Structure formats: C-alpha cells, structure tokens
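# Architecture and fold: a report
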Number of protein chains: 2
Amino acid sequence: MTDAATTPTPDSLRPRTRIQQKNREAILDAALGVFARDGFAGATLDRIAAEAGLSKPNLLYYFRSKEAMHHALLADLLDLWLDPLRAIDPAGEPVAEILTYVRRKLGMSRNLPRESRLFANEILQGAPRLQGVLGGELAGLVEEKAAIVRGWSAAGRIAPVHPKHLFFSVWALTQHYADFDAQVVAVLGPEADRRWLDAERHLMQLFTALLTPAPGLFKQGGAG
Amino acid sequence: MTDAATTPTPDSLRPRTRIQQKNREAILDAALGVFARDGFAGATLDRIAAEAGLSKPNLLYYFRSKEAMHHALLADLLDLWLDPLRAIDPAGEPVAEILTYVRRKLGMSRNLPRESRLFANEILQGAPRLQGVLGGELAGLVEEKAAIVRGWSAAGRIAPVHPKHLFFSVWALTQHYADFDAQVVAVLGPEADRRWLDAERHLMQLFTALLTPAPGLFKQGGAG
DNA sequence: GTCTATATTAAGATAGAC
DNA sequence: GTCTATCTTAATATAGAC
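Residues numbered from 1 in each chain as written. Chains lettered and ligands numbered in written order. Predicted model: local features only at pLDDT ≥ 70, side-chain atom pairs only at ≥ 80, totals over all residues. Heavy atoms only, no water.

## Remarks on the overall build of chain A
Let me state the cut-off plainly: A run of H or I in DSSP becomes a helix once it reaches four residues, and a run of E becomes a strand once it reaches two; helices and strands are each numbered from the N terminus. With a 1.4 Å probe rolled over the protein chains alone, any residue whose accessible area is under 20% of its type maximum counts as buried; one over 50% counts as exposed, and the rest are partly exposed. By definition in these notes, contact holds between two residues if any of their heavy atoms fall within 4.5 Å. Per-residue and other accessible areas were derived by the Shrake-Rupley procedure at a 1.4 Å probe size, with only the shown protein chains allowed to occlude residues.
The number of helices and strands found in chain A is 10 helices and zero strands. Ordering the α and β elements of chain A from the N terminus gives α-α-α-α-α-α-α-α-α-α. Within the span of chain A, comprising 224 residues, buried residues form 52% of the whole. The long-range fraction of contacts in chain A, counting pairs at least 24 apart against all pairs at least 6 apart in sequence, stands at 69%. Here chain A has roughly 10,700 Å² of accessible surface; of this, 55% comes from carbon and sulfur atoms.

## Here we look at the relation of the copies chain B and chain A
The cut-off we apply is this: The fit set for superposing copies consists of C-alpha atoms from residues with pLDDT of at least 70 in both; the fit itself is least squares.
Here chain B sits on chain A after a turn of 180 degrees about the axis and a move of 0.0 Å along it, with an RMSD of 0.1 Å. Such values leave the two copies arranged in the relation of a two-fold axis. Of the interface residues in chain B, 100% have counterparts in chain A that sit at the interface too, so the contact is made through matching surfaces.

## Focus: the protein's contact with DNA strand D
Convention followed: Here a residue is near a molecule or strand as soon as one of its heavy atoms is found within 4 Å of it. N or O atoms closer than or at 3.5 Å make up a polar contact, with two conditions inside protein: a donor-capable atom paired with an acceptor-capable one, and, for residues adjacent in sequence, both atoms drawn from side chains.
Contacts to DNA strand D come from 15 residues, most closely from Lys56(A), Lys66(A), Gln20(B), Ser55(B) and Tyr62(B). Close to the protein, within 4 Å, the atoms of DNA strand D belong to sugar or phosphate groups at a rate of 65%. Ser55(B) is positioned with one of its side-chain polar atoms (N or O) 2.8 Å from a phosphate oxygen of DNA strand D. For DNA strand D, a sugar or linking oxygen lies 3.1 Å from a polar atom in the side chain of Asn58(B). Taken together, the elements giving at least two residues each to the surface near DNA strand D come down to helix H3 (56-62) of chain A together with helix H1 (18-42) and helix H3 (56-62) of chain B.

## A short note on the environment of Gly136(B)
Mapped onto the secondary structure, Gly136(B) falls in helix H7 (residues 131-154). C-alpha of Gly136(B) to C-alpha of Ser169(B): the two residues are 33 residues apart in sequence and 21 Å apart in space.

## Things to note about the protein's contact with DNA strand C
As a matter of local geometry, DNA strand C sits amid 15 residues, with Gln20(A), Ser55(A), Tyr62(A), Leu45(B) and Lys66(B) nearest to it. Taking all atoms of DNA strand C within 4 Å of the protein, the share assigned to sugar and phosphate is 66%. Asn23(A) has a polar side-chain atom sitting 3.3 Å from a phosphate oxygen of DNA strand C. Here the surface near DNA strand C gets four residues from one element, more than from any other, and that element is H3(A).

## A short note on the pattern of salt bridges
Rules: Put simply, a salt bridge is a Lys or Arg side-chain nitrogen that is within 4 Å of an Asp or Glu carboxyl oxygen.
Counted by the stated rule, this structure contains 32 salt bridges over all chains. The residue Asp38(A) makes a salt bridge to Arg47(A) at a minimum N-O spacing of 3.2 Å. A salt bridge links Glu67(B) to Arg129(B), with the nearest nitrogen and oxygen atoms 2.9 Å apart. Remark: Arg129(B) occurs in the loop between helix H6 (113-124) and H7 and Glu67(B) occurs in helix H4 (residues 66-86); sequence separation between them is 62 residues. Glu67(B) gets classed as partly exposed once you look at its relative accessible area, which sits at 38%. Residue Arg129(B) is classed as partly exposed on the basis of its relative accessible area, which comes to 31%.

## Comments concerning the domain arrangement of chain A
Residues and elements named next belong to chain A. Test applied: What fixes the domain bounds is an automatic or database domain assignment. Buried area counts how much accessible surface, traced with a 1.4 Å probe, disappears from two parts once they are put together, with both parts' losses summed.
Split by domain assignment, chain A resolves into domain 1 (11-68) and domain 2 (87-221). Taking only C-alpha atoms into account, the centre of domain 1 sits 31 Å from that of domain 2. Each side of the interface is counted separately: domain 1 has eight residues, and domain 2 has six residues. Summed over both partners, the interface of domain 1 with domain 2 comes to about 670 Å²; 54% of that surface belongs to carbon and sulfur atoms.

## Quick notes on the packing of aromatic side chains
All names here are of chain B. This is how the line gets drawn: Put simply, two rings from Phe, Tyr or Trp (the six-membered ring, in Trp's case) pair if the centres are within 6.5 Å, and we call them stacked under 30 degrees between planes, edge-to-face over 60, tilted for the rest.
Scanning all chains against the criterion turns up 14 aromatic pairs over all chains. Between Tyr61 and Tyr62, the ring centres sit 5.1 Å apart and the planes meet at 90 degrees, which makes this aromatic pair edge-to-face. Each ring, one from Trp81 and one from Phe119, has its centre 6.1 Å from the other, and the planes form 45 degrees; the classification is tilted. You can see Trp81 sitting in helix H4 and its partner Phe119 sitting in helix H6, a full 38 residues away along the chain. Given a relative accessible area of 2%, Phe119 falls into the buried group.

## Things to note about the interface of chain B and chain A
In many reports, interface size means the accessible area that the parts give up when they come together. Taken residue by residue, the interface counts 50 residues in chain B and 50 residues in chain A. The largest contributions to the chain B side of the interface with chain A come from Leu124(B), His165(B) and Val187(B), which together make up 15% of the buried area. Linking chain B with chain A are two salt bridges, by the criterion used here. Note that Lys164(A) is salt-bridged to Glu191(B), the shortest N-O span being 2.9 Å. Counting across the chain B and chain A interface gives 14 residue pairs in polar contact (both at pLDDT 80 or more). Those elements that place two or more of their residues in the side of chain B that touches chain A are H1, H6, H7, helix H8 (163-179), helix H9 (181-188) and helix H10 (195-211) of chain B. In terms of residue count, the dominant contributor to the side of chain B that touches chain A is H8(B) (12 residues).

## Quick word on helix H10 (residues 195-211) of chain A
Operational definition: Expected helix span is taken as 1.5 Å per residue step, with the number of steps being one fewer than the number of residues.
With 17 residues, H10(A) should cover 24 Å at 1.5 Å per step; its first-to-last C-alpha distance of 24 Å lies within 8% of that length. Elements that come into contact with the buried residues of H10(A) comprise helix H5 (94-111), helix H8 (163-179) and helix H9 (181-188) of chain A together with H8 and H10 of chain B.

## Remarks on the side chain of Ser153(B)
Positionally, Ser153(B) belongs in helix H7. Beyond its immediate stretch of four places on either side in the chain, Ser153(B) contacts Ile158(B), Ala159(B), Pro160(B) and Val161(B).

## Digging into unusual backbone geometry
Trans peptide bonds make up most of the peptide bonds, and negative phi angles are found at most residues other than glycine. At Ala127(A), a position not held by glycine, the phi torsion is positive, near 55 degrees. By secondary structure assignment, the location of Ala127(A) is in the loop between helix H6 (113-124) and helix H7 (131-154).

## A few points about helix H5 (residues 94-111) of chain B
Residue and element names in this part refer to chain B. The terminal C-alpha atoms of H5 lie 26 Å apart, and with 18 residues this matches the ideal 26 Å at 1.5 Å per residue to within 8%. All buried positions along H5 are accounted for by Pro94, Val95, Glu97, Ile98, Leu99, Tyr101, Val102, Lys105, Leu106, Met108 and Ser109. Elements in contact with the buried residues of H5: H4, H6, H7, H8 and H10.

Right under this line is the structure:
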C-alpha cells in the first residue's frame, strides 16, 4: 500500500517542490532559533523572516500564522526528544543502558541546544501546548521504562532508586548544559571550552555512583 | 552608624508611606508571577495591573517602565538565590554540608517557584540583563566554594568530584522541580502529590552515593 | 511564489482631570 | 495618588500587483 488518501496525510508530509521544501526548512530553522531564544511571545516574524532570508508575507505564505510555525516545531520535537529514552533496552546491562541514555541525552544538549531551549520555554510556561502529550505519550513511555528500572532494582542489578525521579535527574542534569549554558559559561570562565567533556565525565561518575549496587547484596547472576 | 546619606540609598530602600510600600509590594508580587510564567516579552502591563488590583497608569506611577519592574525583581533575586550556597561552611562535615545545601535549594524550588522560573527565563534567554553579575558575583562565590570542595576531595573526606560541575548538578536537580513542574506533574500522575517528599529522598540518595568516599582510601580523622 | 503597501490590533507609555 | 482617555509604536496578518 503506497501513500494515498486512506490515511489523512499530515501537513508536514504533504508533497512539495524542492523549492517549497527548502523554504519551509529555512523558515523552521530560523523560527527554531528565534523561539528558543526569545520564547513564543518574544519572537517576531520580522526576526524570523530576516534570519530565513525571506519577506514577512512570504513566511505567512508557508505558515498561516506564527502559532502554526511554533506548532510545527513542537509537533516534531517530542518524538526526537524521546528517542534516547525509547532506546533503553530491558535486555541490556542495566548500568550501561542508563549511562548510554545519559550520554545520548547530553549529546542532544550539545548538538541540539535550540531544541532543548524551545522545549524548556514551553514547559516553563506551564506547557500550554503540550499538556496532552505530556500526560499521554510521555507519561506512558516513562511508565513503561520505569517498570524496567524497577525490575532491575528488584533483582539487585542496580541500586534501589525511584525510577521516575531517576529519569527526572537525567533530564535535569543533561538539559541544564543546554538551557543554562549562559550561566555555565559565566561560572566556568576560561574552563568553559572543556565543559562538555567535563560534564560527561562528571555525569558518568554521578550515575555510576548512584546506580552501582552495593556489593554482596542480592547480586544474582553476576557479570554477563 | 544608622542609615544616612553616606551610602547612596538604593531605590528599593527609599523611605515610603505604608500605602506606597504596600502597593509597591503588590505590584512586584504580581509582576513576579507574570514574568515567571510568560517571560519578559510575554508579560503585559494589563495582566500585571489586573493581578495587582491597580490600574495600568498607576503601575507606571510606581515604576517608570515594565523594564524597571523586571529590573527591580532581578536585582533582589540573585542575593536570595545564592544564600544557601554562601552558607556552605568549610568547618562543617563535608557530606552533611552539601546535603544541607541541596535540601535548602530544593526547599526554595518548592516555596519560591516563581523566583526560580524568573531566573530560568532570564538564563534561558542568554542572561541579557545578568551577564555581568553571573561572571562577577556568582563566578566569584562559586570559585570560593569550589576551593572548599576541592580541599575536601583532596583530603579524602568526599569522593573526588569536579567542584563546579557538582554545583551545576545541585542547581539543575533542584531547580528542575520548580521550572519543569508541569512535566513532573504530568509524568507522575496521581503520585504527583508526593513529589517533593520523593524528590528529597531521591536527591539525598543521589548525592550521598556520589560524595561518600570509597571506604579504606585516604580516610583521615574518621567520624567527628 | 514573492513582493509592496496597508489594515488591524495590542501594548507600552503619557496627559491631564480629580 | 489614582483615574479615564489617548498617543504611539510595533507586530500579526491580509490585499493585491507582478
């Protein structure tokens, strides 16, 4: 079955010419930067137009409103954002699985800081446009992964931790380096160049200490 | 020496009638809520006026501009924000000092969430009005306290950690519960009522695990 | 599809009566 | 000190030519 009118084709996937695609992407890229820095209310179409290299009315040819641009960005974001969490494998080695998760999330902070800030802005403002998704898709996925962590704790393969607060910790610690970068850089001064490397080392140490089970208790099966 | 004209009296301390004081405080209180939720650009004088129970022109009788209100809030905030960090005592028991610090910071997230979000909004936007203070007062204080932590690590009284990234971790983990409350509540669902208690337990466990030095290495002096 | 010109609304700030 | 009325600017969005 090829793509057809059977399933309602989402707006973001409607076929377009190469020029249309290119302009759409240029607009969304510019909008991402502006929304991330200035928030929804602080962002202006003038700025987005300038950064995209298009005129303001031309922006509104591609998106019917500022709101629509913001919506298009957010709609794609959560999926991307949750990829590392989805990748947690119940069959993997528990501590390694979580350390990998942390490393991936930190990598996203480093490589996608605008996305992180867009998300942070939205949540800070009470998640007016994400409420449903947070309580639905996100809560469901977290519930599923929390059960895995709970199982690992019960089996003594990691220390007993509150699974959901463990995830909060991963989010808080990794996203901090994107969202609060201005503060991180100001505090570190000349050390700031090394911040991503030092952050990774620090977070590996932190989660290893938190999760490594106390020796001699429960351990069943051992390594491998 | 009582207060006199010797030191330039800051605007926020100029003597006022009780009514003036009360209105000023009502305005700042309302402004704090609105700036925290909507960011600087998203905040409107109409909203602030409504929440303060005053007319818009009356707001501008007390503060010459929206910018001035924001400035007044930020000016007081950093001092308050850094109090728990200042309280870290080099003569205290290392792990206990840091756990106390974490507990105080978490308490501030719980009791002063608007302040936390105001601060987060500002940093998220690149700290345009705090750059100087972050690189000055904040960086200086962190440097001082980092030296203490470094000393504790060197003496084997806590595990060897990167002191500044340790502070970042405290900030990220505690402020997350204020700034991302919408997400925390959505993910926890019915558990959300217990979030502050569970967060405290989780963070105590996390920092205890991170900081407690490996037994048998270095330990000099022991308990007491 | 892209532009110039413009309608419309909202928000910061001021004037001036009381 | 506080209000109503208003000025002014800036920003979203649209009309209509090309």
